[in-house]
Amino acid sequence: MEQIRTYVAIGDSFTEGLNDPYPGEDDVFRGWADRLAEHIAEVNPGLSYANLAVRGKLVRQIVADQVPHALELDPDLVTLCAGGNDMIRPGADPDAAAVVFDDAVRRLRGTGARVVIFTGFDPRGLRSGGRIRGKAATYNMHLRAIADRRGCTVVDLWPMRIFNDPRAWFEDRLHLSPEGHRRMALFVAEAIGLPVEDDWREPWPPLDRADWITLRREDVHWARTYLLPWIGRRATGRSSGDGRGPKRPTPLPL
């Protein structure tokens, strides 16, 4: 694997690392990108790592705010995941989002950086996931075409059945759990040719299935705690990332 001196992560909450907190930190998240940087640093001592991702951001916001910053940092490796927040919104246009995404990739690749992009998860197994599945699939097709055209590495999440286990997800049903982030970092490391000891394919331990009443209680808790606040933010034009900056804007050694 080629030497990586500077790694820059771009994206939304997925890349920021929700909900994988550092020990003792309630709102400072580790996530798969931090974990990947740790793996890279093991074989590239002195690696500088920046994470520009901010939760709640749409693809246009990510491209407008984070890509110019990333270009200034002259990275050897960039991971770019954007568009998931667009696809879950009513009226999302995957074709228009892909045009914006493609321009970002063109600019990043123009620096000579290696660019890794992500398809979205298949929402088929998620509650109400069928509502957005067609749009998500269309957007993924665009992303694969962009990767082929621009010479990018693709981390294809659509067929990844290992992430169908509920333990891969936080209780908000939208973000990965700490174990999900750990496995994701290993998956990305494999995609870029980075040697790692652990295997993201390791089978999950047996899981006792909850009874019907427990499942309904979980649904009510999820709706009150996560769904209704999300609807409230959409109705008022707010985002969970409003007023937030990136957690690691400057490339620093780990």
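These remarks concern the structure in this document. All values derive from a computational prediction rather than experimental measurement. (Residues numbered from 1 in each chain as written. Predicted model: local features only at pLDDT ≥ 70, side-chain atom pairs only at ≥ 80, totals over all residues. Heavy atoms only, no water.)

**Let's talk about the pattern of salt bridges**
No. 1: Inspection of every chain in the model, using the stated rule, returns 17 salt bridges.
No. 2: One salt bridge in this structure joins Glu16 and Arg55, with 2.6 Å as the shortest N-O distance. Taken together, the positions of Glu16 in helix α1 (residues 13-16) and Arg55 in the loop between β2 (48-51) and α3 (59-72) put the pair 39 residues apart, joining distant regions of the chain.
No. 3: According to the relative accessible area criterion, Glu16 is buried, its value standing at 8%.
No. 4: One network of salt bridges, in which partners are shared, links Glu179, Arg182, Arg183 and Asp198. (Salt bridge = Lys/Arg side-chain N within 4 Å of Asp/Glu carboxyl O. Helix = DSSP H or I, 4+ residues; strand = E, 2+ residues; numbered from the N terminus. Buried < 20%, exposed > 50% of the residue type's maximum accessible area, 1.4 Å probe, protein only.)

**As for the packing of α3 against helix α5 (residues 94-109)**
No. 1: Running from amino to carboxyl end, α3 crosses α5 at an angle of 5°, the nearest separation of the two axes being 10 Å. Taken together, the axes of α3 and α5 are roughly parallel relative to one another. Every residue of α5 that contacts α3 at Val59, Arg60, Val63, Val67, Pro68, Ala70 and Leu71 is listed here: Ala97, Val100, Phe101, Ala104, Arg107 and Leu108.
No. 2: Across the contact of α3 with α5, the residue classes tally to 11 nonpolar, no polar and two charged. (Axes fitted to C-alpha atoms, helices over the stretch in contact; angles between N-to-C directions. Parallel < 35°, antiparallel > 145°, perpendicular 65-115°, else oblique. Contact = heavy atoms within 4.5 Å. Nonpolar A, V, L, I, M, F, W, Y, C, P; charged D, E, K, R; others polar.)

**Structural notes on unusual backbone geometry**
One can expect most non-glycine residues to show negative phi and most peptide bonds to be in trans.
No. 1: Across the junction of Leu18 and Asn19, the peptide omega takes the value -5°, indicating a cis bond.
No. 2: Positionally, Asn19 belongs in the loop between α1 and α2 (31-43).
No. 3: One non-glycine residue, Asp74, lies in positive phi territory at about 50°.
No. 4: You can see Asp74 is positioned in the loop between α3 and β3 (77-80).

**Overview of the pairing of strand β4 (residues 114-118)**
In the case of a regular strand, side chains alternate between the two sheet surfaces.
No. 1: Most of β4 is tucked away: four of the five residues are buried.
No. 2: Pairing of β3 with β4 involves four bridges; the strand directions are parallel. Across the sheet, residue Leu80 finds its bridge partner in β4, namely Ile117.
No. 3: For β4 and strand β5 (residues 153-155), the ladder comprises three bridges, and the chain directions are parallel. Bridged to Ile117 within β5 is Val154. (Pairing = 2+ DSSP bridges.)

**Describing the sheet that holds β2**
No. 1: Pairing is mixed across the open sheet formed by six strands, whose spatial order is β5-β4-β3-β1-β2-β6. Strand pairing shows two members of the sheet lacking a second neighbour, β5 and β6 (248-253), which therefore form its edges. Shown here is a sheet whose adjacent strand axes are inclined to one another by a mean of 15°, direction ignored.
No. 2: Where α2 meets the sheet, it contacts β1 (6-10), β2, β3 and β4, and its direction lies at approximately 165° from that of β1.

**Overview of the side chain of Thr15**
No. 1: In this fold, Thr15 is placed in helix α1.
No. 2: Overall, the relative accessible area of 0% leaves Thr15 in the buried class.
No. 3: If near-sequence neighbours (up to four positions away) are discounted, Thr15 is found in contact with Ala9, Ile10, Trp32, Ala33, Asn51, Ala53 and Cys81.

**Digging into the packing of aromatic side chains**
No. 1: Applying the stated criterion across every chain, the model contains nine aromatic pairs.
No. 2: With a centroid separation of 5.2 Å and an interplanar angle of 25°, the aromatic rings of Tyr7 and Tyr49 are classed as stacked. In this pair, Tyr7 sits in strand β1 while Tyr49 sits in strand β2, placing the two residues 42 residues apart along the sequence. Here Tyr7 and Tyr49 have matching classes, each one buried.
No. 3: Ring centres of Phe101 and Tyr139 lie 6.4 Å apart, and the angle between their planes is 90°; this geometry places the pair in the edge-to-face category. Linking Phe101 in helix α5 with Tyr139 in helix α6 (residues 130-150), this pair joins segments that are 38 residues apart in sequence.
No. 4: Phe101 sits in the buried class, given a relative accessible area of 1%.
No. 5: Pairwise contacts between aromatic rings join Phe14, Trp32, Phe118, Phe121, Phe163 and Trp169 into one cluster.
No. 6: Taking NZ or CZ as reference, Arg183 lies 4.1 Å from the ring centre of Trp204, over its face. (Phe/Tyr/Trp six-rings, centres within 6.5 Å; stacked < 30°, edge-to-face > 60°. Lys NZ or Arg CZ within 6 Å of the ring centre and 35° of its normal.)

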